[in-house]
Amino acid sequence: MNATLAIKEARTEHDVHPLIRKRFSPRAFSEEPVTETDLLTLFEAAAWAPSAMNEQPWRFRYALRGTRGFEALHDTLSTGNQPWAPNATAMVAISALKHHARNGAPNATRAFDTGMAVGNLLTQATGMGIHGHLIGGFDYAAASGALGLNAAQEEVICLLVLGRLGEAETLAEPYLTRERTPRMRKPLSEIAQRIPD
Ligand SMILES: Cc1cc2nc3c(=O)[nH]c(=O)nc-3n(C[C@H](O)[C@H](O)[C@H](O)COP(=O)(O)O)c2cc1C
């Protein structure tokens, strides 16, 4: 078994579902394939997330490594993400429609809805032995331009790379140490409080 899996497994205060415990954001990916059908399965999982007025404002545009689309998104990455992200099999641009389709009003919850969808996607991925790593460190305007988005209608929210887990030793520092460092969370008491009676 890949040693990273044990290092990264969440040590939780309560007994959460294994799919939650086992998801993490790696930087080492293997050559083992993720097929286009796998990707479509992930997007289907995303599609079944809840959204305000069932507007489903999320959009996913994907590219496989070795294609021009992958290179175009890679070129928008910040210097901290460029060294490891190309190890992944696929790169996904996650965007959201800015307005409600039914009345043209701004959709204030579009980013929240889209995050819900991505949560579904990552949980499904974990169940399929696929790992994802979200990336906010990139040039948003350049990514929007590379995708040919109409900025008045749609905004890029995040990038996501997907692949099968690789060996940590394939990474250079500082990424190697990060891959071998256990995941940490704030104490539950800091983020969840009972409202006083
Ligand atoms: C919106 C968003 C943007 C992120 N941007 C980056 C990024 O640019 N580079 C990176 O290495 N990780 C990025 N991450 C991954 C987080 O650092 C990671 O989820 C966090 O440290 C918790 O680790 P875990 O996902 O392994 O539990 C991002 C995550 C999110 C949700």
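Calculation rules
- Residues numbered from 1 in each chain as written.
- Predicted model: local features only at pLDDT ≥ 70, side-chain atom pairs only at ≥ 80, totals over all residues.
- Heavy atoms only, no water.
- Salt bridge = Lys/Arg side-chain N within 4 Å of Asp/Glu carboxyl O.
- Helix = DSSP H or I, 4+ residues; strand = E, 2+ residues; numbered from the N terminus.
- Buried < 20%, exposed > 50% of the residue type's maximum accessible area, 1.4 Å probe, protein only.
- Near = heavy atom within 4 Å.
- Polar contact = N/O pair within 3.5 Å; in protein donor to acceptor, adjacent residues only side chain to side chain.
- Nonpolar A, V, L, I, M, F, W, Y, C, P; charged D, E, K, R; others polar.
- Contact = heavy atoms within 4.5 Å.
- Phe/Tyr/Trp six-rings, centres within 6.5 Å; stacked < 30°, edge-to-face > 60°.

(A) Quick peek at the pattern of salt bridges. Within the structure shown, the criterion is met by 10 salt bridges. Of the charged contacts, one joins Arg 65 and Glu 31 as a salt bridge, the two residues approaching to 3.0 Å between their closest N and O atoms. With Arg 65 in the loop between β1 (58–64) and α4 (68–74) and Glu 31 in the loop between α2 (18–22) and α3 (36–47), this pair connects stretches of sequence that are 34 residues apart. Given the relative accessible area of 32%, Arg 65 is considered partly exposed. Since its relative accessible area comes to 65%, Glu 31 is described here as exposed. For Arg 102, the salt bridge identified is with Glu 55, shortest N-O distance 3.8 Å. With a gap of 47 residues between them, Arg 102 in the loop between β2 (90–97) and α5 (110–127) and Glu 55 in the loop between α3 and β1 connect regions that are remote in the sequence. A cluster of three or more residues bridged by salt bridges with shared partners is formed by Glu 9, Asp 15, Arg 21 and Lys 22.

(B) Quick peek at the site of the ligand. What surrounds the ligand is a group of 14 residues, the closest being Ser 25, Arg 27, His 133, Gly 136 and Arg 185. Contacts to the ligand include Arg 183, whose side-chain N or O atom sits 2.9 Å from an oxygen atom. Considering each element in turn, the shell around the ligand owes the most residues, three residues, to strand β3 (residues 131–135). Considering only residue class, the shell around the ligand consists of five nonpolar, five polar and four charged.

(C) Region of interest: the environment of Lys 22. Looking at where Lys 22 falls in the secondary structure, it is placed in helix α2. On the accessibility criterion, Lys 22 (39% relative accessible area) is partly exposed. With 11 residues separating them in the primary sequence, Lys 22 and Arg 11 have C-alpha atoms 9.9 Å apart. Not counting residues within four places of it along the chain, the set of residues in contact with Lys 22 comprises Glu 9 and Thr 126.

(D) Examining the packing of aromatic side chains more closely. All chains considered together, the criterion is met by three aromatic pairs. Arranged with centres 5.2 Å apart and planes meeting at 25°, the rings of Phe 43 and Phe 60 form a pair that is stacked. Remark: Phe 60 occurs in strand β1 and Phe 43 occurs in helix α3; sequence separation between them is 17 residues. Judged by its relative accessible area of 11%, Phe 43 is buried. In this structure Phe 60 comes out as buried when scored by relative accessible area, which is 16%.

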